[in-house]
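# Examination of the molecular architecture
Each chain is listed here by its residues.
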Amino acid sequence: MLAAVVMILVVAVSSTIAEAASKKKSRKAKPAQTTTTYTKAVAERSEATIKIVTGGYPSASMKATADIANLFANSPDTPLRVLQVTASEENQILLDVMLLRHIDLGIVHHDQLGHYRNQRPDLFSNIENQLHYITRLYNSPFILLTPKYIKTLKMLQGQPVNIGEKTDHVAITGETVFNQLGIEAKFEHVPFAIAAEKILNGSLAATVVPLDSSPDLLRQLAKSGLYHLLPMDMKTLGIENYTNLLNTYVPSKLTSKNFPAFIEPDSSLRTIASSALLVAYNWPRGARRKKIKRFINSFLDNAQRLKRPAYQGRWQDLNVVAPISGWRRHKSVGQWLTQKKKNRTVQTAKKKPNTKGEKNNTTNKSIRNSCGLSAGVRMVRLPIWSIGTSHDPASLLP
């Protein structure tokens with residue numbers, strides 16, 4: 001009897017332990033399945049998202065990226081989603097693309113490459129192989145406001161000049177321009193609103209003017225009649241200096257549409273500009289490189305749509321084929337350009353009329369007419385060695 005009771009207890013305990021183990025295993029299995037689903041969702045989301053780092057509001061790069069994001073969102077054939085990452089320090093974007101793991105692309109100005117290579121040769125000696133450009137998006141004119149008695153940049157030698165806040169890309173452009181021309185000015189770094197006050201009270205000899213400056217502030221400066229926008233062209237810089245700058249920058253023209261307070265209608269002002277580039281880290285073969293290639297192909301296929309009025313960026317300067325001094329084009333862009341060229345060649349060949357066939361038909365018709373043959377008689381081309389000495393055209397026919 002006792003043995004039977006013990007046996008029943010052992011069976012009951014074993015059953016309870018087995019049931020508890022089964023429930024514990026079941027509880028563990030569910031999180032494992034959830035984790036797998038979550039990991040897969042993260043991977044799919046990451047693979048379908050391109051992150052572009054831009055300057056803060058209201059920078060031109062921020063507007064450009066918003067346009068690119070809308071372009072992808074409104075194009076059913078584009079396989080990617082564009083996520084904008086805003087940087088408060090615009091002149092640090094190049095470093096973000098190069099050093100931050102989760103950033104795919106960035107909008108930087110082309111003169112930053114040489115600047116950082118000179119500043120930190122230990123870190124950026126190989127930068128042209130690490131960062132490649134996709135395309136030029138737009139140009140940023142370098143504009144200086146000075147008293148009218150200052151006619152050339154050389155007259156700013158030793159003078160206090162505001163070249164913009166240190167976080168702004170134009171500060172690098174200003175420093176590069178003055179250095180290339182050998183002009184040693186006393187640089188200051190303040191916002192344009194503060195610089196305008198200092199211009200008015202005479203404590204500044206010149207200041208850079210953002211393209212999107214306050215119209216009211218510009219009208220206030222123009223109203224006095226004491227200031228102007230300083231032209232930078234062959235006449236004011238000289239042939240040698242101007243040519244030297246064009247080795248780095250591109251020529252630019254401003255009109256009354258840009259600055260109605262300073263430029264008369266139907267007039268223009270010549271200056272230079274830096275080019276804003278869409279750049280990518282040159283990833284080795286792998287998922288990141290494939291994702292960037294997908295972006296490049298989709299973006300370039302649809303880029304011309306950005307020139308429509310619906311988009312807010314400065315897209316008239318968009319140029320896919322333009323070479324950029326000091327930069328290397330991303331390999332995927334070169335492949336896209338090559339494929340487009342091949343496609344155009346094939347399309348042109350298809351549209352080209354078959355003049356050779358038309359010529360043969362005309363020749364055959366002429367022979368028939370000369371021989372008095374009807375259209376139903378078959379004509380055969382014979383090898384030259386099979387032709388006899390007869391000069392009768394009919395002898396050439398069976």
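## A word on the overall build of the chain
Broken down by element type, the chain carries 14 helices and 11 strands. Sequence-distant contacts, at least 24 apart, represent 74% of the contacts inside the chain between residues at least 6 apart. Accessible area of the chain: about 23500 Å², with a carbon and sulfur share of 55%.

## Here's the deal with the nonpolar core
Ile52, Leu105, Leu278, Phe295, Phe299 and Trp327 are the most contacted members of the largest nonpolar core, which totals 51 residues. The contact partners of Phe299, leaving out residues within four places of it in the chain, are Ile68, Leu71, Phe72, Thr135, Leu137, Leu278 and Leu306. Ile163, Phe178, Met232 and Tyr242 belong to the second largest nonpolar core, which has 23 residues in total.

## Focus on the environment of Trp283
Position of Trp283 among the secondary structure elements: in the loop between strand E11 (268-281) and helix H12 (287-302). Along the chain, Trp283 and Asp104 lie 179 residues apart, while their C-alpha atoms are 9.7 Å from each other. Sequence-distant contacts of Trp283, that is, excluding residues within four places in its chain, are made with Arg101, Arg288, Arg289 and Ile292.

## Regarding the sheet that holds strand E5 (residues 144-147)
Pairing is mixed in the open sheet, where five strands are placed in the order E7-E6-E8-E5-E9. Either end of the sheet is taken by a strand with one partner, and the two such strands are strand E7 (186-188) and strand E9 (227-229). Recorded for the sheet is a direction-independent mean angle of 25° between the axes of neighbouring strands. Inspection of the sheet shows strand E6 (residues 160-162) paired to E7 by three bridges, in the parallel sense. Looking at the pairing, Pro160 lines up with Lys186 of E7. Sitting on the sheet, helix H8 (residues 192-200) is in contact with E5, E6, E7, strand E8 (206-208) and E9, with an inclination near 165° to E8.

## What to know about H8
Turning to H8, its buried residues number three or more, namely Phe192, Ala195, Ala196 and Ile199. In a view along the axis of H8, the buried residues occupy a sector of 105°, so they form one face of it. Where the residues of H8 are buried, they touch E5, E6, E8, helix H9 (215-223) and E9. Phi turns positive, to about 85°, at Gly202, one or two residues after H8.

## Remarks on the pattern of salt bridges
The final tally for this structure, using the stated rule, is seven salt bridges. Here Glu128 and Arg117 are joined by a salt bridge, their closest N and O atoms 2.9 Å apart. Note that Glu128 is positioned in helix H6 (residues 127-130) and Arg117 in helix H4 (residues 112-119), a separation of 11 residues in sequence. The class for Arg117 is partly exposed, based on a relative accessible area of 28%. Counted as one network, the salt bridges with shared partners bring together Asp104, Arg288 and Lys291.

## A closer look at the environment of Leu100
Looking at the secondary structure, you find Leu100 in the loop between helix H3 (93-99) and strand E3 (105-109). Taking relative accessible area as the criterion, Leu100 reaches 45% and is therefore assigned partly exposed. When the C-alpha atoms of Leu100 and Tyr281 are compared, they prove to be 10.0 Å apart, with 181 residues separating the residues in sequence.

## Section: the packing of H8 against H9
Packing of H8 against H9 brings their axes to within 11 Å, and their N-to-C directions diverge by 10°. With respect to H9, the element H8 is oriented roughly parallel. Contacts from Phe192, Ala193, Ala196, Ile199 and Leu200 in H8 reach Leu217, Leu218, Gln220 and Leu221 in H9. Residues belonging to the contact of H8 with H9 are distributed by class as follows: eight nonpolar, one polar and no charged.

## Considering the side chain of His115
Assignment of secondary structure puts His115 in helix H4. For His115, a relative accessible area of 16% gives the class buried.

## Quick look at unusual backbone geometry
The phi torsion at Asp266 lies on the positive side, around 65°, for a residue other than glycine. Here Asp266 lies in the loop between strand E10 (250-255) and E11. On the basis of relative accessible area, Asp266 is assigned to the exposed category, the value being 84%.

## Focus: the pairing of strand E1 (residues 49-55)
Within E1, seven of the seven residues are buried, leaving the element largely enclosed by the surrounding structure. Two strands pair when backbone bridges link them, and E1 and strand E2 (residues 81-87) are joined in this way by seven bridges, in the parallel orientation. When the bridges of E2 are listed, Lys51 appears paired with Leu83. The parallel pair E1 and E2 is bridged by helix H2 (residues 60-73), and the resulting crossover is right-handed. Relative to E3, E1 is paired through two bridges, and the arrangement is parallel.

## Some thoughts on the side chain of Ser59
Within the secondary structure, Ser59 sits in the loop between E1 and H2. Under the relative-accessibility criterion, Ser59 is labelled buried at 13%. Engagement of the side chain of Ser59 in a polar contact is seen with the side chain of Ser61, the distance being 3.2 Å.

Rules and cut-offs
- Residues numbered from 1 in each chain as written.
- Predicted model: local features only at pLDDT ≥ 70, side-chain atom pairs only at ≥ 80, totals over all residues.
- Heavy atoms only, no water.
- Helix = DSSP H or I, 4+ residues; strand = E, 2+ residues; numbered from the N terminus.
- Contact = heavy atoms within 4.5 Å.
- Areas by Shrake-Rupley, 256 points an atom, 1.4 Å probe, with all protein chains shown as cover.
- Core = buried A, V, L, I, M, F, W, Y, C linked by side-chain atoms within 4.5 Å.
- Buried < 20%, exposed > 50% of the residue type's maximum accessible area, 1.4 Å probe, protein only.
- Pairing = 2+ DSSP bridges.
- Axes fitted to C-alpha atoms, helices over the stretch in contact; angles between N-to-C directions.
- Arc of directions from axis to C-beta.
- Salt bridge = Lys/Arg side-chain N within 4 Å of Asp/Glu carboxyl O.
- Parallel < 35°, antiparallel > 145°, perpendicular 65-115°, else oblique.
- Nonpolar A, V, L, I, M, F, W, Y, C, P; charged D, E, K, R; others polar.
- Right-handed = clockwise from strand over helix to strand, strands pointing away.
- Polar contact = N/O pair within 3.5 Å; in protein donor to acceptor, adjacent residues only side chain to side chain.

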